[in-house]
Amino acid sequence: MKQKLYFKKNFAITLLAILMLMPGLGFGQTMSQYGFSTNTNGSLTDMSTGTTDLLATGSYHSFESSNVADIGFTFVFMGVTYTKFSINSQGAMQLGDVQIAT
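Residues numbered from 1 in each chain as written. Predicted model: local features only at pLDDT ≥ 70, side-chain atom pairs only at ≥ 80, totals over all residues. Heavy atoms only, no water.

Caption draft 1: Looking closely at the overall build of the chain. The helix and strand tally for the chain stands at 1 helix and 3 strands. Secondary structure elements of the chain occur, N-terminal to C-terminal, as α-β-β-β. Scored against the burial criterion, the 102 residues of the chain give a buried share of 12%. Residue pairs at least 24 apart in sequence account for 35% of intrachain contacts in the chain once pairs closer than 6 positions are excluded. (Helix = DSSP H or I, 4+ residues; strand = E, 2+ residues; numbered from the N terminus. Buried < 20%, exposed > 50% of the residue type's maximum accessible area, 1.4 Å probe, protein only. Contact = heavy atoms within 4.5 Å.)

Laid out in structure tokens, this is it:
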């Protein structure tokens with residue numbers, strides 16, 4: 001009788017652990033979700049003369065967020081297409097048309 005109870009208890013704990021881990025499997029990405037191609041006639045933008053500051057000069061130690069900026073290309077993440085992003089002074093980035101919170 002103790003053996004059956006022990007088996008049922010272990011089975012229940014194992015089943016619970018499996019069920020708790022399963023929802024995370026649906027959010028994973030696989031290589032089959034992305035298309036890869038090679039392009040030999042592309043062009044690059046010269047960035048040797050500087051870059052663009054998205055945050056106001058001197059605001060790097062306060063709570064500031066940038067305006068929404070164009071990425072410059074289409075970026076697909078988890079099946080959603082993005083062309084814009086924004087950042088804040090705390091190092092966070094948000095994809096999409098909505099400005100990130102400070």
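Caption draft 2: Molecular detail of the sheet that holds strand E2 (residues 80-87). Across the sheet, which stays open at both edges, the 3 strands sit in the order E1-E2-E3 with antiparallel pairing between neighbours. Unpaired on one side and paired on the other, strand E1 (69-77) and strand E3 (93-95) mark the two borders of the sheet. Going from strand to strand, the sheet's axes swing by 35 degrees on average, the running direction of each strand aside. In this sheet, E2 lies alongside E1 in antiparallel orientation, the contact comprising 5 bridges. Across the sheet, Asp 70 pairs through a bridge with Lys 84, a residue of E2. (Pairing = 2+ DSSP bridges. Axes fitted to C-alpha atoms, helices over the stretch in contact; angles between N-to-C directions.)

Caption draft 3: Fine view of the environment of Ala 101. Within the secondary structure layout, Ala 101 lies in the segment after E3. Contact partners of Ala 101, with chain neighbours within four places excluded, come to Ser 65 and Asn 88.

Caption draft 4: Spotlight on unusual backbone geometry. The phi dihedral of Met 78 is positive, around 55 degrees, even though this residue is not glycine. By secondary structure assignment, the location of Met 78 is in the loop between E1 and E2.

Caption draft 5: Seen up close, the packing of aromatic side chains. Summed over all chains, the structure comprises 1 aromatic pair. Look at Phe 75 and Phe 77: their rings are 6.4 Å apart centre to centre, the planes differ by 10 degrees, and that puts the pair in the stacked class. (Phe/Tyr/Trp six-rings, centres within 6.5 Å; stacked < 30°, edge-to-face > 60°.)

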